Amino acid sequence: LADGRTYDYTRIVDFVEFQNEVCSKNISITDEYIIDIDGMVFTKFKDHYALSLCYKNSEEVVVPSSVNGLPVTEIAAKAFFKNNSVKRIIIEDGIEQIWVGAFYECQNLEYLYLPKSVKYNTQNEQNMGVSSISFERCYNLKEIVVHADSPYFTSLDGNLYSKDMKELIVYA
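Computed from a predicted model, the values in this text were never measured in an experiment.

The rules we used
Residues numbered from 1 in each chain as written. Predicted model: local features only at pLDDT ≥ 70, side-chain atom pairs only at ≥ 80, totals over all residues. Heavy atoms only, no water. Helix = DSSP H or I, 4+ residues; strand = E, 2+ residues; numbered from the N terminus. Buried < 20%, exposed > 50% of the residue type's maximum accessible area, 1.4 Å probe, protein only. Contact = heavy atoms within 4.5 Å. Areas by Shrake-Rupley, 256 points an atom, 1.4 Å probe, with all protein chains shown as cover. Polar contact = N/O pair within 3.5 Å; in protein donor to acceptor, adjacent residues only side chain to side chain. Pairing = 2+ DSSP bridges. Axes fitted to C-alpha atoms, helices over the stretch in contact; angles between N-to-C directions. Salt bridge = Lys/Arg side-chain N within 4 Å of Asp/Glu carboxyl O.

Draft legend 1. Highlighting the overall build of the protein. Looking only at helices and strands, the protein has 1 helix and 13 strands in total. Seen in sequence order, the protein has helices and strands lined up from the N terminus as α-β-β-β-β-β-β-β-β-β-β-β-β-β. Counting every position in the protein, which comprises 172 residues, the buried fraction comes to 45%. Contacts spanning at least 24 positions in sequence make up 50% of the contacts within the protein whose residues lie at least 6 apart. On the protein, roughly 8600 Å² of surface is accessible, and the fraction owed to carbon and sulfur atoms is 45%.

Next up, the structure:
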């Protein structure tokens, strides 16, 4: 990066290749498409950003709803992979998709806030909404809180359910 910081591009390249395959988007890996803001790496697409990687060494992370005037609408697969510093994640409204394994092996994650904008992945498609496999190996997850106006989710006793309470999505 221009300021001398470095990070492992492998995970970003993996994300972009996966994104290209699933969404048929053509991305070039250059600094104009990748922005590192305070330990969070965002990949720029035509009209939005995706949080590609969070290596922030902090107990609380707030995923912003916009970067450089464009909305952030996705949290990529393994974006928080093995980030064992984070205990609380607050996702701002505007994020719609949380990819499979986004929080994979966040072993110290205890709390997650989901805004009303996050969609529900009913068919476990790899690029849609939230499913139980978004939280694999999050052994210390104790509480998921959902915005009261979410059309897709509700939470009870810290657990994540479909809005109609017919499906337990994540047992915290």
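Draft legend 2. Representation of unusual backbone geometry. Look at Lys82: it is not a glycine, yet its phi comes out positive at around 55°. Mapping Lys82 onto the fold places it in the loop between strand 6 (70–75) and strand 7 (88–91). Even without glycine at this site, Asp157 takes up a positive phi of about 55°. Within the element layout of this structure, Asp157 appears in the loop between strand 11 (153–156) and strand 12 (159–162).

Draft legend 3. Representation of the side chain of Glu74 within the structure. Here Glu74 shows up in strand 6. On the basis of relative accessibility, which here comes to 4%, the residue Glu74 falls in the buried class. Only 2.7 Å separates the side chain of Glu74 from the side chain of His48, close enough to count as a polar contact.

Draft legend 4. Quick look at the sheet that holds strand 4 (residues 60–63). Reading across the sheet, the 4 strands line up as 4-7-9-10 and stay open at both edges, with parallel pairing between neighbours. Looking along the sheet, the strands with just one partner apiece sit at the ends: strand 4 and strand 10 (143–146). Direction aside, the axes of adjacent strands within the sheet are offset by 10° on average. Bridge count for strand 7 against strand 9 (residues 111–114) is 3 bridges, and the pairing is parallel. Bridge assignment links Arg88 to a residue of strand 9, and that residue is Tyr111.

Draft legend 5. Seen up close, the sheet that holds strand 13 (residues 168–170). Taking strand neighbours across the sheet as the criterion, the 3 strands line up as 11-12-13 in an open arrangement whose pairing is antiparallel. Where the open sheet ends on each side, the last strands, each with one partner, are strand 11 and strand 13. Pairwise comparison of adjacent strand axes, ignoring direction, gives a mean angle of 40° for this sheet. Sheet analysis places strand 11 next to strand 12, joined by 4 bridges and oriented antiparallel. Following the sheet pairing, Leu156 is matched in strand 12 by Asn159.

Draft legend 6. The arrangement of the side chain of Thr73 in detail. Summarising the element assignment, Thr73 is placed in strand 6. Dropping the residues within four chain positions of it, Thr73 is found in contact with His48, Tyr49, Gly94, Ile95, Glu96 and Gln97.

Draft legend 7. Molecular detail of the pattern of salt bridges. Summed over all chains, the structure comprises 7 salt bridges. The residue Glu60 makes a salt bridge to Arg88 at a minimum N-O spacing of 2.9 Å. Residue Glu60 is located in strand 4, and its partner Arg88 is located in strand 7; the two are separated by 28 residues in the primary sequence. Glu60 gets classed as partly exposed once you look at its relative accessible area, which sits at 36%. Residue Arg137 pairs with Glu105 through a salt bridge whose shortest N-O separation is 3.1 Å. Here Arg137, found in the loop between strand 9 and strand 10, pairs with Glu105, found in the loop between strand 8 (97–98) and strand 9; they are 32 residues apart in sequence, far enough to count as distant.

Draft legend 8. Spatial organisation of the pairing of strand 9. Alternating residues of strand 9 divide into Tyr111 and Tyr113 and Leu112 and Leu114, and every residue in both groups is buried. Two elements, strand 9 and strand 10, share 4 bridges in a ladder whose sense is parallel. By the bridge assignment for strand 10, Leu114 is matched with Val146.

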